[in-house]
Every structure is written in structure tokens, then in C-alpha cells.
Amino acid sequence: MKATYAFLRRLEAVLAGTFLLLMVLLIFAGGLARMLGHPLNWTIDLSTCFFAWGAFLCADIAWRRDALMSIDVVTTMVPAKAARMLLYANYLIISVFLVYVVYAGAWLSWVSRARSFQGIPGVSYSWVTASIVVGGLLLLFTTGQKAYRALRQDRAAGASQQATR
């Protein structure tokens with residue numbers, strides 16, 4: 001199971017990097033083609049899709065690595081138990097928000113299924129909006145893992161305190 005999860009994490013990182021690189025290349029190619037008098041209208045639409053997917057995948061990677069911005073002014077000023085409760089409250093708020101994001105993203109994917117890209121007729125815009133659902137699920141899974149790890153640490157700390165008494 002750990003090997004599968006490690007493979008999926010590497011795949012997520014490779015896909016995120018690839019999508020962001022392709023986005024930059026497509027925007028550059030589109031600008032260059034426009035400058036040469038032969039605009040490629042589809043490059044902007046496809047780069048938008050790559051950006052959406054890349055952004056959500058990168059958000060999950062950053063969340064997993066604790067690389068997102070955080071403000072810890074309050075948690076440093078309160079006792080350790082209160083700070084731990086704030087951590088769990090934060091995980092709960094994030095989880096509730098992500099459940100809403102997944103729900104709203106699924107609804108948006110459904111209603112945009114008939115909409116096509118301007119420069120790529122016949123391709124549904126749901127390919128872009130599906131990134132909300134997948135990204136939200138990945139972030140929700142990562143949040144669940146963080147909460148589970150925090151609970152295990154608290155149980156281990158509680159067990160070690162019981163043993164020393």
C-alpha cells in the first residue's frame with residue numbers, strides 16, 4: 001500500500017510539473033504564432049485546462065509538504081492543549097470546505113458538460129471543471145491523513161505519559 005501511495009505521489013508531482021510546463025509552452029507558442037500572423041486560438045483554452053489541473057495538483061503537493069502559508073500568532077500564544085484543539089478545528093473547517101468544493105465542482109462539471117472550448121469545438125469544458133473535483137478530493141484525503149497522524153501522535157504522547165506515571 002505504501003509503495004502504491006508513493007507511486008501516486010510521484011505521479012501527481014510529475015503531472016503537476018508537466019501541466020504547468022505545457023501551459024507555459026502553449027502560451028509562448030500562441031504568442032509567437034500570433035506575432036507571426038497565424039494565431040492559434042486553441043492554445044489559450046488548452047493552457048487554461050493545464051493551469052487548472054496543475055494548480056490543484058500543486059496545492060495538494062504543497063499541503064502534504066506543509067509548504068502553504070500559515071499564520072501561527074494565536075497558536076503560539078495559547079497553551080499546547082488549546083493549540084492542538086485549534087489544529088483539529090482547522091482540519092475540520094478545511095474538510096467541510098473541501099466537501100463543499102467537491103460538491104460544487106461536481107455540479108459545475110455537470111452543468112458545463114455541454115459547453116465546449118472556444119478554440120477547440122467538440123471538447124467539453126468539463127475537462128477543466130473536473131480538476132476542481134479531483135483536486136478537492138486529493139486535498140480532502142491529505143487533510144484526513146494529517147488529522148489521522150495528529151491523532152496518532154496525541155495517542156502516543158498520552159500512552160507515554162501514562163507509562164511514566
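Below is a short write-up of the structure. (Residues numbered from 1 in each chain as written. Predicted model: local features only at pLDDT ≥ 70, side-chain atom pairs only at ≥ 80, totals over all residues. Heavy atoms only, no water.)

When helices and strands are counted, the protein chain shows 5 helices and 0 strands. Along its sequence from the N terminus, the protein chain presents helices and strands in the succession α-α-α-α-α. In terms of C-alpha radius of gyration, the protein chain reaches 21 Å, well past the compact-globule figure of 15 Å for 165 residues. Summarising its shape, the C-alpha atoms of the protein chain cover approximately 80 × 35 × 30 Å along the three principal directions. Every one of the 165 residues in the protein chain was classed for burial, and the buried ones make up 29%. Counting only contacts in the protein chain whose residues sit at least 6 apart along the sequence, the fraction spanning at least 24 positions is 73%. Summed over its atoms, the accessible surface of the protein chain is roughly 11,400 Å², and 71% of this surface lies on carbon and sulfur atoms. Measuring between centres, the 15 positive side-chain charges of the protein chain sit 6 Å from its 6 negative side-chain charges. (Helix = DSSP H or I, 4+ residues; strand = E, 2+ residues; numbered from the N terminus. Rg over C-alpha atoms; globule rule 2.2 N^0.38 Å. Buried < 20%, exposed > 50% of the residue type's maximum accessible area, 1.4 Å probe, protein only. Contact = heavy atoms within 4.5 Å. Areas by Shrake-Rupley, 256 points an atom, 1.4 Å probe, with all protein chains shown as cover. Lys, Arg positive; Asp, Glu negative; His and termini not counted. Charge placed at Lys NZ, Arg CZ, Asp CG, Glu CD.)

Since there are 3.6 residues in each turn of an α-helix, residues three or four apart along the chain are aligned in direction. Compared with an ideal rise of 1.5 Å per residue, which puts 23 residues at 33 Å, helix H2 (residues 42–64) spans 33 Å between its outermost C-alpha atoms and is within 8% of the ideal. Of the residues one or two after H2, Asp66 is the one with positive phi, at around 55°. (Expected span 1.5 Å × (residues − 1).)

Before going further, it helps to examine the nonpolar core. Phe19, Cys49, Phe50, Phe117 and Val128 are the most contacted members of the largest nonpolar core, which has 14 residues in total. If you list the elements that add at least two residues to this core, you get helix H1 (2–35) and H2. Per element, the largest residue contribution to this core is 6 residues, and it comes from H2. With sequence-adjacent residues up to four places away left out, Val128 is seen in contact with Cys49, Ala52, Trp53 and Phe117. If you look at the next biggest cluster of nonpolar residues, it comprises 7 residues, including Trp63, Tyr91, Leu139 and Ala150. (Core = buried A, V, L, I, M, F, W, Y, C linked by side-chain atoms within 4.5 Å.)

Within this model, the largest pocket holds a volume of roughly 760 Å³. For the lining of the largest pocket, the secondary structure elements donating two or more residues are H2, helix H3 (73–77), helix H4 (80–111) and helix H5 (126–164). For the lining of the largest pocket, the leading source of residues is H4, giving 11 residues. Its residues assigned to classes, the lining of the largest pocket comprises 18 nonpolar, 4 polar and 6 charged. (1 Å grid on protein atoms, 1.4 Å probe; cavity = no way out; pocket = protein on both sides within 12 Å on 5 of 7 lines; lining within 4 Å. Points joined across faces, edges and corners; volume = space filled by probe spheres on them. Nonpolar A, V, L, I, M, F, W, Y, C, P; charged D, E, K, R; others polar.)

Counting through the fold element by element, Ser47 comes out in helix H2. Reaching out from Ser47, the side chain makes a polar contact with the backbone oxygen of Ile44 at a distance of 2.9 Å. Leaving out residues up to four positions away in the same chain, Ser47 has contacts with Met23, Leu26 and Ile27. (Polar contact = N/O pair within 3.5 Å; in protein donor to acceptor, adjacent residues only side chain to side chain.)

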